[in-house]
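What follows is the residue order along each chain.
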Amino acid sequence: MEFATPYQTYIPLPFDSGGRHQDHEAVLTLVPIHIVTHASQLPEEFLFPSPKSHLIVGFDCEGVHLCRYGALCIMQLAFPDAIYLVDAIQGGEKLMKACKPGLESSFITKVVHDCKRDSEALYFQFGIKLHNVMDTQIAYSLIEEQQGRRRSSDNPISFIGLLADPQYCGISYIEKKDVCILLNKASDPKFWTYRPLSEMMVRAAVDDVRFLLYIHHKIMEKLNETLLCKLAVRGALYCRCFCDSDKDFADWPPLPTIPDTIKAKGNAPEEEILSVIEVPYCKMGCVIGTRGASILSIKKSCNANILIGGERGPSNKVGL
């Protein structure tokens, strides 16, 4: 799908106006793209969340080596009537701090594909504790498991893979290949730092969020109450997994609780927790083991997802 202009794009939205659309699934809505350098350009309901107005927004971040040590350059927010590209370079800390209430709010659901690094960057660079996410990568894994197609945690679905799946969107994402080439270390790792934003930068940033509201709709059709509970808890844990601190997450919002309706049925899901293990200097190889033997043994014994920061860190901690 092409931009109508450099500052407009089409987003698919579920057709729910009471009639029937010819494809019975989605309508394409032309919406403006706003490049935000000041908080006044963002919707008030995002800046000042209210229990009277529950919002669902597509969310993503772009940057250089996006993690605690990298640089968050752009934050994307997709609303049903507009897409906002929040320029963290031009707007700086003041702009990002203005977004803190919305990103931490329980009244705004942030739909994101793989929240871990985005959350880490927000926490260490701006003191923001990302909260109330609907992580489409986690949701896909839970749905696949429910349908008897368990996917290895070592090989989670990519966003391009999710887009291409006809159950959720059925759209190929050819443009992403061009961006990946630019982001290659041998090419231009500082792609997201350049200003003004080029049309390719705007396209790449927008394409990472403009499908998320529709994917959210398709995922919600497939989730029962128990899976919704698992998704909420696991999303909260993944937001925390690389955000270790001396406070042991005591300053974070509490984890979602299991609803009484699920407890009453006697099929409450197993409790999920996050354990962050400190590894002595230069001993990560011992934790991983020869060809990953130690990690595989832990996974087999306790059915755990194991999260290691890799080259972007943290280099001395493992999340279980």
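Before reading on, note that the structure itself is shown above.
Criteria and thresholds
- Residues numbered from 1 in each chain as written.
- Predicted model: local features only at pLDDT ≥ 70, side-chain atom pairs only at ≥ 80, totals over all residues.
- Heavy atoms only, no water.
- Helix = DSSP H or I, 4+ residues; strand = E, 2+ residues; numbered from the N terminus.
- Buried < 20%, exposed > 50% of the residue type's maximum accessible area, 1.4 Å probe, protein only.
- Contact = heavy atoms within 4.5 Å.
- Axes fitted to C-alpha atoms, helices over the stretch in contact; angles between N-to-C directions.
- Parallel < 35°, antiparallel > 145°, perpendicular 65-115°, else oblique.
- Left-handed = near helix turned anticlockwise from the far one by under 90°.
- Nonpolar A, V, L, I, M, F, W, Y, C, P; charged D, E, K, R; others polar.
- Phe/Tyr/Trp six-rings, centres within 6.5 Å; stacked < 30°, edge-to-face > 60°.
- Lys NZ or Arg CZ within 6 Å of the ring centre and 35° of its normal.

Visitor: Explain the environment of Ala 236 here, please?
Guide: When you line up the elements, Ala 236 lands in helix 9 (residues 225-240). According to the relative accessible area criterion, Ala 236 is buried, its value standing at 10%. Not counting residues within four places of it along the chain, the set of residues in contact with Ala 236 comprises Leu 255 and Pro 256.

Visitor: Would you mind showing me how to read the packing of helix 4 (residues 136-146) against helix 8 (residues 212-220) here?
Guide: Packed helices, taken two at a time, are described by the angle their axes make and the gap between the axes. In the contact formed by helix 4 and helix 8, the axes pass within 11 Å of each other and the chain directions differ by 25 degrees. One way to sum up the angle between helix 4 and helix 8 is to call them roughly parallel. Relative to helix 8, the crossing made by helix 4 is left-handed. For the pair helix 4 and helix 8, the contacting residues are Thr 136, Ala 139 and Ile 143 in the first and Leu 212, Ile 215 and Ile 219 in the second. Across the contact of helix 4 with helix 8, the residue classes tally to 5 nonpolar, 1 polar and no charged.

Visitor: Hey, could you run me through the packing of aromatic side chains in this one?
Guide: Remark: the centre distance and the inter-plane angle together describe each pair of aromatic rings, the angle taken between the planes. Counted under the stated rule, the structure contains 7 aromatic pairs. Measuring from centroid to centroid gives 5.0 Å for Tyr 123 and Phe 124, while their planes differ by 80 degrees, and the two rings are edge-to-face. On the basis of relative accessible area, Tyr 123 is assigned to the buried category, the value being 13%. An aromatic cluster of at least three residues, connected via ring pairs, comprises Tyr 123, Phe 124, Phe 249 and Trp 252. Over the ring of Phe 242 we find Arg 117; its NZ or CZ atom is 4.3 Å from the centre of that ring. Over the ring of Tyr 168 we find Lys 222, and its NZ or CZ is 5.2 Å from the ring centre.

Remember that the coordinates give geometry; whether it matters functionally is a separate question.
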